[in-house]
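# Summary of the model geometry
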Amino acid sequence: MKRIGVLTSGGDGPGLNPCIRAATRMALGYGLEVMGIERGYAGLIGGEMIPLDARSVGGVIGRGGTFLGTARASEFKTPQGQREALRNLNRHGIEGLVVIGGNGSLSGACALHRLGFPVVGVPATIDNDVVGTDIAIGVDTALNTILDAIDKIKDTASSHQRAFLIETMGRDSGYLALMGGMAGGAEMVLIPEVETPLEEVAQGLLDAYVRGKAHCIVVVAEGYKPGTQAVAAYLQERQEELGFEVRVTVLGHIQRGGAPSAFDRILATRLGAAAVRELQQGNHGHLVGLVGNQIVLTPLEDVLTRRKDLDLGLYELGKILEK
Ligand code: F6P
């Protein structure tokens, strides 16, 4: 193998740059050339590539986002898109690929693997819903952003004796809401994995009020049904009887930005370097993940067919501590 490619795809998150940096410098250390593919699979199909050397990745370790750019490329799901991608990889003499991203990106990586192209995946998504790793790149920084927001909202909530619904990202996963709520000492957490009727949410507010709390913080995962706005409407209609006025804060994309935390920089560095090592050693078609602080390989096929379950023991613990 003489030349590899690196791409970031799907939703961005903190830690992508240190991962590209580690993959690049590890590859250079093996004497390989590196091409950075811009805008994920969209750039792969369009042939948008830049050569990377040690200096190209200088100073990126602390920067949020991805300097290669990213995209959600639906055209890559088609056989024509995959054909164009393979053609561009061959045209540029790229013999192996590191794909950094979440489940959508990894399913693209698996498609290339099935077509016989050497590829290794690296889990990077704030949703933390990738099988084969305890934690994905970006999760720790996103959690710290959520925590900072909860702490600040708590200040104003206490001053005004209000209840706040704070919506976190996570797609179908309640991980960010659960862990953010636990770290932030929330009174309640609403996640897609646990059905919580609106009456129960209202009762939670009332209980907090009666217990003498100055605020009630409810962290709501974006995947929770019937959704944050429906909860807010239900509670606002009853706020007289519940004691607290209700406000909503949707954290949105601030959770995806910002300088990566120390944990994310180290995780990204370890996984980026491991991905290149595995490619170089001929171990293709895998995800490199962190399980129990060890780098572990999981076949991409398994990553995509299994579902990552949330530890509901932590949800139960949160319910005990929120009193
Ligand atoms: O997968 C990361 C994520 O931020 C999800 O939590 C969220 O549902 C989605 O991406 C938002 O996507 P977009 O940035 O395309 O609106």
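On a predicted model such as this, the values are computed, not experimentally measured, just so you know.

### A closer look at the domain arrangement of the protein
Much of the literature gives interface size as the accessible area that the parts lose upon coming together. Looking at the assigned domains, one finds that the protein contains domain 1 (3–138 + 260–305) and domain 2 (139–256). Here the C-alpha centroids of domain 1 and domain 2 sit 34 Å apart. Of the roughly 1,200 Å² buried at the junction of domain 1 and domain 2 (both faces included), carbon and sulfur atoms supply 50%. Applying the counting rule to domain 1 against domain 2 returns 2 salt bridges. Arg-256 is paired through a salt bridge with Asp-12; the nearest N and O atoms lie 2.7 Å apart.

### Overview of the pattern of salt bridges
A full pass over the atoms with the stated rule returns 14 salt bridges. Arg-83 is the partner of Glu-84 in a salt bridge, and the nearest nitrogen-oxygen pair spans 3.2 Å. The closest approach of N and O atoms between Arg-307 and Asp-309, which form a salt bridge, is 3.9 Å. It is possible to trace a salt-bridge network through shared partners that takes in Arg-162, Glu-245 and Arg-247.

### Some words on the packing of aromatic side chains
Any two aromatic rings considered together are summarised by their centre-to-centre distance and by the angle between their planes. Counting across every chain of the model gives 2 aromatic pairs. With a centroid separation of 4.1 Å and an interplanar angle of 15°, the aromatic rings of Tyr-41 and Phe-76 are classed as stacked. Residue Tyr-41 is located in helix H2 (residues 40–46), and its partner Phe-76 is located in the loop between strand E3 (49–52) and helix H3 (79–91); the two are separated by 35 residues in the primary sequence. Here Tyr-41 and Phe-76 have matching classes, each one buried. Directly above the aromatic system of Tyr-234 lies the positively charged group of Arg-238, at a separation of 3.6 Å from the ring centroid.

### Quick notes on the sheet that holds strand E5 (residues 119–123)
Overall, mixed pairing links the 7 strands, which are arranged E3-E2-E1-E4-E5-E10-E11 in an open sheet. The sheet is open, and its two borders are formed by E3 and strand E11 (294–299), each paired with just one other strand. Each strand of the sheet is rotated relative to its neighbour by a mean of 25°, with strand direction disregarded. As defined by bridge partners, strand E1 (residues 3–8) adjoins strand E2 (residues 33–37) across 5 bridges and the pair is classed as parallel. In the sheet register, Arg-3 faces E2, and the bridge partner there is Glu-33. Taken strand by strand, helix H4 (residues 103–114) contacts strand E4 (96–101), E5 and strand E10 (286–291), and its axis lies near 160° from that of E4.

### Description of the side chain of Glu-167
On the secondary structure map, Glu-167 appears in strand E6 (residues 162–168). Within the buried set, Glu-167 has no salt-bridge partner at all; the shortest N-O distance to an opposite charge, 10 Å, is to Lys-225. Not counting residues within four places of it along the chain, the set of residues in contact with Glu-167 comprises Val-220, Glu-222, Thr-228, Thr-249, Val-250, Leu-251, Gly-252 and Gln-255.

Conventions and cut-offs
- Here the residue numbers are simple positions, counted from 1 along each chain's written sequence.
- This being a predicted model, a pLDDT of at least 70 is required before a residue's local features are given, and a value of 80 or more before pairs of side-chain atoms are given or counted; all residues contribute to the totals for chains, interfaces and linings.
- Side-chain descriptors were evaluated using all non-hydrogen atoms of the structure, hydrogens and water having been removed beforehand.
- The domain boundaries here were taken from an automatic or database domain assignment.
- Buried surface area refers to the total accessible area, computed with a probe of radius 1.4 Å, that the two partners give up upon joining, counted for both partners together.
- Salt bridges are defined as contacts in which a side-chain nitrogen from Lys or Arg sits within 4 Å of a carboxyl oxygen from Asp or Glu.
- Two rings from Phe, Tyr or Trp (for Trp, the six-membered ring) form a pair when their centres sit within 6.5 Å of each other. Planes less than 30 degrees apart are called stacked, planes more than 60 degrees apart edge-to-face, and all others tilted.
- Where helices and strands are cited, they refer to DSSP runs of H or I of at least four residues and of E of at least two residues respectively, numbered from the N terminus.
- Exposure is judged per residue with a 1.4 Å probe applied to protein chains only, and the accessible area is read against the type maximum: over 50% gives exposed, under 20% gives buried, and values in between give partly exposed.
- Any Lys NZ or Arg CZ found within 6 Å of a ring centre and within 35 degrees of that ring's normal is scored as a charge over the ring.
- Only when DSSP finds a minimum of two bridges between them are two strands counted as paired.
- The axes used here are C-alpha line fits, helices contributing only the stretch in contact, and every angle between their N-to-C directions lies in the interval 0 to 180 degrees.
- The contact rule is simple, with two residues in contact once any of their heavy atoms fall within 4.5 Å.
- We count Lys and Arg on the positive side and Asp and Glu on the negative side, and we leave His and both chain ends out.

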